[in-house]
Amino acid sequence: PTLAACDAVFLRWYDSVHPYLRAKASRSLVRLQSFVTRYRPHADETHLPRHIDGAGVDGSLVLGLPSECGFGGGGLTVWDGEGDAELFEYPVGCGDVCLLDSKVWHQSNPV
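Every value quoted in this text rests on a predicted model; they were computed, and no experiment measured them. (Residues numbered from 1 in each chain as written. Predicted model: local features only at pLDDT ≥ 70, side-chain atom pairs only at ≥ 80, totals over all residues. Heavy atoms only, no water.)

Colleague: A description of the overall build of the protein should follow, citing residues and the corresponding values.
Modeller: If you tally the helices and strands in the protein, you get 1 helix and 5 strands. Helices (α) and strands (β) of the protein occur, in sequence order from the N terminus, as α-β-β-β-β-β. In terms of principal-axis extent, the alpha carbons of the protein reach across some 50 × 40 × 20 Å. Taken over 111 residues, the protein has a buried fraction of 21%. Contacts in the protein between residues at least 24 apart in sequence constitute 71% of all its contacts with a sequence separation of at least 6. Summing over all exposed atoms, the protein offers an accessible surface of approximately 8100 Å²; the carbon and sulfur share of this is 55%. (Helix = DSSP H or I, 4+ residues; strand = E, 2+ residues; numbered from the N terminus. Buried < 20%, exposed > 50% of the residue type's maximum accessible area, 1.4 Å probe, protein only. Contact = heavy atoms within 4.5 Å. Areas by Shrake-Rupley, 256 points an atom, 1.4 Å probe, with all protein chains shown as cover.)

This is the structure:
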């Protein structure tokens with residue numbers, strides 16, 4: 001049920017950002033990847049460095065999952081604008097969703 005809920009959230013968002021030219025057209029979703037990334041306060045396990053999700057990806061959804069262990073830091077940094085003129089930092093708590101359009105530079109922040 002979690003992935004189906006994420007699919008529905010993504011499609012509503014994507015339709016609002018990229019509306020169809022034809023009023024009666026509909027979209028379907030093809031999920032390319034679903035994975036869980038666990039970050040820990042150990043070398044090479046604290047975050048993912050700055051990157052763009054694959055070339056054939058129209059967008060991404062990041063979902064904050066619960067953790068049995070408390071931690072500091074985390075969240076996402078997103079770069080946008082001409083020459084990465086704008087930088088946004090988003091905390092991502094349990095149940096929070098961050099939606100990214102295609103070819104958006106981002107990174108998870110170290111825990």
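This is not the end of the story, as more comes after the structure.
Colleague: Can you break down the pattern of salt bridges residue by residue, with the values?
Modeller: Considering all chains together, one arrives at 4 salt bridges under this definition. Note that Arg 27 is salt-bridged to Asp 15, the shortest N-O span being 2.5 Å. Taken as a pair, Arg 27 in the loop between helix H1 (2-17) and strand S1 (59-63) and Asp 15 in helix H1 lie far apart in primary sequence, 12 residues in all. Note that Glu 45 and Arg 40 form a salt bridge whose closest N and O atoms lie 2.6 Å from each other. (Salt bridge = Lys/Arg side-chain N within 4 Å of Asp/Glu carboxyl O.)

Colleague: Provide a residue-level description of the sheet that holds strand S2 (residues 76-80), including the pertinent values.
Modeller: Spatial ordering of the open sheet is given by S3-S2-S5, a layout of 3 strands whose pairing is antiparallel. Of all the strands in the sheet, just strand S3 (86-90) and strand S5 (106-108) have a single pairing partner and so form its edges. Within the sheet, the average angular offset between the axes of one strand and its neighbour, ignoring direction, is 15°. As defined by bridge partners, S2 adjoins S5 across 3 bridges and the pair is classed as antiparallel. When the sheet's bridge partners are listed, Leu 76 is paired in S5 with Ser 108. (Pairing = 2+ DSSP bridges. Axes fitted to C-alpha atoms, helices over the stretch in contact; angles between N-to-C directions.)

Colleague: Explain the packing of aromatic side chains to me, using residue names and the numbers behind them.
Modeller: Across all of its chains, the model carries 4 aromatic pairs by this definition. Seen in terms of ring centroids, Phe 10 and Trp 13 are 5.5 Å apart; in terms of plane orientation they differ by 55°. Their pairing is tilted. Placement of both Phe 10 and Trp 13 in helix H1 is noted, with a separation of 3 residues, approximately one turn of the helix. With a centroid separation of 5.7 Å and 20° between ring planes, the pair formed by Phe 10 and Tyr 14 is classed as stacked. Taken together, the residues Phe 10 and Tyr 14, both in helix H1 and 4 residues apart, mark about one turn of the helix. (Phe/Tyr/Trp six-rings, centres within 6.5 Å; stacked < 30°, edge-to-face > 60°.)

Colleague: Tell me about the nonpolar core, residues and numbers included.
Modeller: A general trend in soluble globular proteins is that nonpolar side chains are found buried together. Within the largest apolar cluster, 5 residues are counted, these being Leu 76, Val 78, Cys 98, Leu 100 and Val 104. Within the residue set of this core, elements represented by two or more residues are S2 and strand S4 (97-101). For Leu 76, the residues in contact, after removing those within four places along its chain, are Val 62, Phe 88, Glu 89, Tyr 90, Val 92, Cys 98, Gln 107, Ser 108 and Asn 109. (Core = buried A, V, L, I, M, F, W, Y, C linked by side-chain atoms within 4.5 Å.)

Colleague: I'd like a description of H1, backed by residues and values.
Modeller: Compared with the 22 Å implied by 1.5 Å per residue over 16 residues, the 23 Å span of H1 between its first and last C-alpha is a close match. All buried positions along H1 are accounted for by Cys 6, Asp 7, Phe 10, Trp 13 and Tyr 14. For H1, the buried positions fall inside an angular range of 140° around the axis, keeping them on one side. H1 presents Arg 12 and Ser 16 as exposed residues on the side facing more than 90 degrees away from its buried surface. Buried residues along H1 sit against S1 and S4. (Expected span 1.5 Å × (residues − 1). Arc of directions from axis to C-beta.)

Just distances and angles here, no functional claims.
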